[in-house]
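# Survey of secondary and tertiary structure
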Amino acid sequence: MEQNVISPFDRLLILARASAEAPSAKLAELVEYLKSIGVSKSSDMRAVVFSERVPTLLWLQEQLQSRLGLKPEQVAVLHGGLSDVEQQEVVESFKLSSSPIRLLVTGD
């Protein structure tokens with residue numbers, strides 16, 4: 001009888017896909033916290049979310065915009081890969097009360 005043997009690589013791929021599709025408890029908790037402090041499309045409340053890696057920052061931008069019902073211009077990302085000018089524009093905009101940015105997702 002022939003057995004179906006899964007290679008270690010295939011097993012890792014299966015686990016990675018399952019992990020990527022699984023709901024994130026940390027993200028759910030972050031969304032609930034941001035809602036509890038009043039971050040929303042129509043609110044003036046602003047918040048800063050820190051994370052380490054650029055792919056995580058971009059993922060958070062997408063997820064938080066979607067889950068909080070924010071418009072694209074209401075969630076900004078700031079990281080070292082942006083030019084000095086781009087970084088300064090984001091910081092200056094976030095400081096202004098007239099800025100659409102409600103959520104700034106940034107690295108340390």
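Residues numbered from 1 in each chain as written. Predicted model: local features only at pLDDT ≥ 70, side-chain atom pairs only at ≥ 80, totals over all residues. Heavy atoms only, no water.

## Some details on the overall build of the protein
The helix and strand inventory of the protein stands at 4 helices and 3 strands. Counting from the amino terminus, helix and strand elements in the protein follow one another as α-α-β-α-β-α-β. In terms of C-alpha radius of gyration, the protein reaches 18 Å, well past the compact-globule figure of 13 Å for 108 residues. Seen through its principal axes, the protein has C-alpha atoms that stretch 70 × 35 × 20 Å. Total accessible area on the protein is roughly 7700 Å²; 55% of this is exposed by carbon and sulfur atoms. (Helix = DSSP H or I, 4+ residues; strand = E, 2+ residues; numbered from the N terminus. Rg over C-alpha atoms; globule rule 2.2 N^0.38 Å. Areas by Shrake-Rupley, 256 points an atom, 1.4 Å probe, with all protein chains shown as cover.)

## Describing the pattern of salt bridges
Close approach of charged atoms lets side chains of opposite charge pair. Taken as a whole and assessed by the stated rule, the structure comprises 2 salt bridges. For R102, the salt bridge identified is with D44, shortest N-O distance 3.9 Å. Placement of the pair is R102 in the loop between α4 (84–95) and β3 (103–106) and D44 in the loop between α2 (25–36) and β1 (47–50), with a sequence separation of 58 residues. Ionic pairing is found between E92 and K95, a salt bridge with its closest N-O pair at 3.3 Å. With E92 and K95 both in helix α4, this residue pair falls 3 residues apart, about one helical turn. Given a relative accessible area of 59%, K95 falls into the exposed group. (Salt bridge = Lys/Arg side-chain N within 4 Å of Asp/Glu carboxyl O. Buried < 20%, exposed > 50% of the residue type's maximum accessible area, 1.4 Å probe, protein only.)

## With respect to the nonpolar core
Counting 15 residues, the largest nonpolar core has L34, V49, L60, L64, L68, L103 and V105 as the members making the most contacts within it. If you list the elements that add at least two residues to this core, you get α2, β1, α3 (54–68), β2 (75–78) and β3. For this core, the element with the most residues is α3, which contributes 4 residues. Counting 7 residues, the second-largest nonpolar core is a separate cluster that includes A76, L78, F94 and I101. (Core = buried A, V, L, I, M, F, W, Y, C linked by side-chain atoms within 4.5 Å.)

## Some points on the environment of E73
Relative to the helices and strands, E73 resides in the loop between α3 and β2. Spatially, the C-alpha atoms of E73 and L103 are 9.5 Å apart, while their sequence positions differ by 30 residues. Excluding residues that lie within four positions of it along the chain, E73 makes contacts with P100 and I101. (Contact = heavy atoms within 4.5 Å.)

## Examining the pairing of β3
Where burial is concerned, the two faces of β3 agree: the one with L103 and V105 and the one with L104 and T106 are both buried. Pairing between β1 and β3: 4 bridges, direction parallel. Each bridged residue has a counterpart across the sheet, and for A47 the counterpart in β3 is L103. Where β2 lies against β3, 4 bridges are found, and the strand directions are parallel. Following the sheet pairing, A76 is matched in β3 by L104. Handedness of the crossover joining β2 and β3 through α4: right-handed. (Pairing = 2+ DSSP bridges. Right-handed = clockwise from strand over helix to strand, strands pointing away.)

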